[in-house]
Amino acid sequence: MRKIEKRTVICMALAILLAAGMAVFLIKYFAEGGKWASSAFNRHLYDSNGILISGRVLDRDGDVLSDVEGGKRTYYDNVTVRKATLHAVGDLYGKIGTGALNAFADKLTGFDLINGAFGAEQGSDLYLTIDGRYNYEAYQALNGHAGTVAVYDYKTGEILCMVSAPSYDPLNIPSDLETNDRYQGAYVNRFLSSAIVPGSVFKTVTLTAALEQLPDAMSRTWTCTGSVQIGEETITCSGVHGEQTLEEAFAHSCNVAFAQIAEELGADTLKKYTEQAGLTDSYSVDGLPTAKSTFEWENLTDGELGWAGVGQYRDQVNPCALMVWMGAIANGGKAAQPYFIQKTESALGILSLPRMTRYTGRLISKKTAETVAELMANNVEVTYGTKRFPNMQLCAKSGTAEVGGDKKPHAWFAGFLQDEEHPYAFVVLVENGGGGNAVAGTVAGKVLDIIVNGY
């Protein structure tokens, strides 16, 4: 009897372990089955070089950006479109982590929990939210410079344009891709995965803090003589602006005025508003995490704080987070979180479930957002020029970020359209491009013109 009892206990223990193992397996299968199926070791989905040969990638209009023909992965037949969409579509060998061919291989294989993966000839269609034409225009507008251009719908979250440069043709990979400085950072999606000194686009945050923390901010004046001494630092400006209101100082992008405002607000206040603006958050774009912006607010001298308040010192901003911040100002304080997978359609014609729009928390109060938007619209009216942006109710802020040495500054231009038909926020970064308004503003104008006014 004792032997039977022992054997029963052992059998029960084994049964429990088996059940636990099955439970763990099922949990893993439901959570990671798609990754297992789309592993590069799965030879009926990948060729001998590890290239995915299942599924198509299409843009929002149904233009095929990447397909499989005769067991080989192909791309769009225009070389510029291939370069312009590379960081969204992906390369052949998975070196661009944000590309759909790498990041969303499980969706392309048509994997589901019941049927598994259908195989190379029956992969799914993956529709992206981007428009290949917009990416083409943005890439052309960058004109060989490193940088990024992105436009998204701040009400729905759809990314209409997402370009990162430098890029290359995935069908004709340059032999010196790894060694030529021209291609430095070509694998990096600068929109999602970089953080770069912002310059004066950061003044939108300092402005927000000033409007809420300085009761007389809109009635005060600041005098600019071209520079100001704050502590041991000489804060220099782009011009001599004389006596000016906050509205005028913002339109002039006056470093003197905004450095003094930053000193008055203090590091703790600026830290609070930077975090509230979402600039230090990492957003998830269809599961792809964005790089976090970084700021240093601890143990600053007054002069260092002045430089930080105008977007210099050690400020580093992620372009995606900046674009969402623009969207929040446009949308009364909250913005849709960005995404770039529109839908999938399986080989059986089964569509993915409709997207549910997710919003950020409140990044700025509605009242303050309205004021900041008015001041950004004034920038366009009195500084940037409305003729450059036809048929657009544009609100914008430029940035010219000094990088030291003999290098040209980074050029930024960020903002949004106040238009029910075109509720779009955007960000443009041209690395070492020069002036923000002249260079990045011109890029933005070309891309927005196509989106709003067509060809």
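Residues numbered from 1 in each chain as written. Predicted model: local features only at pLDDT ≥ 70, side-chain atom pairs only at ≥ 80, totals over all residues. Heavy atoms only, no water.

K.L.:
What exactly am I supposed to notice about the overall build of the protein here?
P.N.:
Check the secondary structure of the protein and you find 15 helices and 16 strands. Looking at the 455 residues of the protein, the share that counts as buried comes to 54%. Considering only residue pairs separated by 6 or more positions, the protein has 65% of its internal contacts joining residues 24 or more positions apart. With the model as given, the accessible surface of the protein reaches about 20300 Å², and the carbon-plus-sulfur share is 50%. (Helix = DSSP H or I, 4+ residues; strand = E, 2+ residues; numbered from the N terminus. Buried < 20%, exposed > 50% of the residue type's maximum accessible area, 1.4 Å probe, protein only. Contact = heavy atoms within 4.5 Å. Areas by Shrake-Rupley, 256 points an atom, 1.4 Å probe, with all protein chains shown as cover.)

K.L.:
How do you make sense of the side chain of Thr109 when you look at a structure like this?
P.N.:
Note on placement: Thr109 falls in the loop between α5 (105–108) and β4 (125–128). A distance of 3.0 Å separates the side chain of Thr109 from the backbone oxygen of Asp106, its partner in a polar contact. (Polar contact = N/O pair within 3.5 Å; in protein donor to acceptor, adjacent residues only side chain to side chain.)

K.L.:
What am I meant to see in the packing of aromatic side chains here?
P.N.:
Aromatic ring pairs are reported here in terms of the distance separating the ring centres and the angle at which the planes meet. Tallied over the full model, the rule gives nine aromatic pairs. Taken together, a centroid distance of 6.1 Å and an interplanar angle of 45° make the contact between Phe250 and Phe258 tilted. Judged by its relative accessible area of 0%, Phe250 is buried. In textbook terms, an aromatic cluster arises when at least three aromatic residues are bridged by ring pairs, as seen for Tyr384, Phe389, Phe413 and Phe426. The positively charged end of Lys343 is found above the aromatic ring belonging to Tyr127, 4.7 Å away from the centroid. Lying over the aromatic face of Phe250, Lys397 brings its terminal NZ or CZ to 5.8 Å of the ring centre. (Phe/Tyr/Trp six-rings, centres within 6.5 Å; stacked < 30°, edge-to-face > 60°. Lys NZ or Arg CZ within 6 Å of the ring centre and 35° of its normal.)

K.L.:
Teacher, can you tell me more about the sheet that holds strand β6 (residues 159–165) here?
P.N.:
Neighbouring strands of a sheet are bound in pairs by backbone hydrogen bonds; such pairs are parallel or else antiparallel. Taken in spatial order, the five strands line up as β6-β5-β16-β15-β14 in an open sheet, and their pairing is antiparallel. Of all strands in the sheet, those with a lone pairing partner are β6 and β14 (394–401), marking the two edges. Averaged over all pairs of adjacent strands, the angle between their axes in this sheet comes to 5°, without regard to strand direction. Pairing between strand β5 (residues 147–153) and strand β16 (residues 424–430): seven bridges, direction antiparallel. Along β16, the bridge assignment pairs Thr148 with Leu429. The strands touched by helix α6 (residues 132–142) are β5, β6 and β16; relative to β6, the strand with the most contacts, the crossing angle is about 35°. Here helix α15 (residues 436–453) sits on the sheet in contact with β5, β14, β15 (410–417) and β16, set at roughly 35° to β15. (Pairing = 2+ DSSP bridges. Axes fitted to C-alpha atoms, helices over the stretch in contact; angles between N-to-C directions.)

K.L.:
Sorry, what's going on with the sheet that holds strand β3 (residues 72–75) here?
P.N.:
Read across the open sheet, the five strands follow the order β3-β2-β1-β4-β13; overall the sheet is mixed. The open sheet terminates on both sides in strands that have one partner only, identified here as β3 and β13 (341–345). Recorded for the sheet is a direction-independent mean angle of 20° between the axes of neighbouring strands. Looking at chain direction, β4 and β13 are connected through four bridges and run antiparallel.

K.L.:
I tried to follow the packing of α6 against α15 on my own but got confused; where do I start?
P.N.:
Axis separation between α6 and α15 bottoms out at 9 Å; the angle between their running directions is 160°. As the angle between them shows, α6 and α15 are arranged roughly antiparallel. Like other packed secondary-structure pairs, α6 and α15 cross with a definite hand, here right-handed. On α15, the residues that touch Tyr134, Glu137, Ala138 and Ala141 of α6 are Val443, Lys446, Val447, Ile450 and Ile451. (Parallel < 35°, antiparallel > 145°, perpendicular 65-115°, else oblique. Left-handed = near helix turned anticlockwise from the far one by under 90°.)

K.L.:
Would you mind showing me how to read the state of the cysteines here?
P.N.:
Put plainly, a disulfide is one covalent bond tying together the sulfur atoms of two cysteines. Applying the stated rule across the entire model yields zero disulfides. Just so you know, Cys254 is unpaired, no disulfide at all, and the nearest cysteine sulfur is the one on Cys224, 3.7 Å from it. Here Cys254 falls in the buried class, since its relative accessible area comes to 0%. (Disulfide = S-S within 2.5 Å.)

K.L.:
Is there a simple way to think about the pattern of salt bridges in this case?
P.N.:
Should the charged atoms of two oppositely charged side chains come close, the side chains can pair. The full count for this structure, using the stated rule, is twelve salt bridges. In this structure, the salt-bridge partner of Glu178 is Lys95, at a minimum N-O distance of 3.6 Å. Here Glu178 is found in the loop between β6 and α7 (190–193), whereas its partner Lys95 is found in the loop between α3 (86–89) and α4 (100–103), with 83 residues between them in sequence. In this structure Glu178 comes out as exposed when scored by relative accessible area, which is 56%. Using a relative accessible area of 48% as the deciding quantity, one classes Lys95 as partly exposed. (Salt bridge = Lys/Arg side-chain N within 4 Å of Asp/Glu carboxyl O.)

K.L.:
What is the right way to look at helix α8 (residues 203–213) in this model?
P.N.:
Spacing of three or four residues puts side chains on the same side of an α-helix, whose turn is 3.6 residues. With nine of its eleven residues buried, α8 lies for the most part within the structure. Those residues of α8 that fall on the buried side of the exposure criterion are Lys203, Thr204, Val205, Thr206, Leu207, Thr208, Ala209, Ala210 and Leu211.

K.L.:
Can you walk me through the nonpolar core in this structure?
P.N.:
Soluble globular proteins: nonpolar side chains tend toward being buried together. Judged by nonpolar contacts, the single largest core of 97 residues is most densely connected at Phe191, Trp297, Leu322, Trp325, Met326, Ile329 and Phe416. A total of ten residues in this core trace back to one element, the largest contributor, which is helix α13 (residues 319–330). Here Met326 is in contact with Thr204, Met376, Ala414, Gly415, Phe416, Ala425 and Phe426, once residues within four sequence places are set aside. One finds Tyr139, Ala440, Ala444 and Val447 within the second-largest nonpolar core, a separate group that totals 33 residues. (Core = buried A, V, L, I, M, F, W, Y, C linked by side-chain atoms within 4.5 Å.)

K.L.:
Just to check I follow, could you spell out unusual backbone geometry for this structure?
P.N.:
Among all residues save glycine, negative phi is the norm, and among peptide bonds the norm is trans. Geometrically, the link from Ala165 to Pro166 is a cis peptide bond, its omega value of 10° lying close to zero. Among the structural elements, Pro166 can be located in the loop between β6 and α7. Here the phi dihedral of Asn143 falls at roughly 55°; this positive angle occurs in a residue that is not glycine. Looking at the element boundaries, Asn143 is found in the loop between α6 and β5. Classification of Asn143 as exposed rests on a relative accessible area of 63%. Its identity as a non-glycine residue notwithstanding, Asn299 has a phi of 55°, on the positive side. Within the fold, Asn299 resides in the loop between β12 (288–289) and α12 (302–309). With a relative accessible area of 79%, Asn299 lands in the exposed category.

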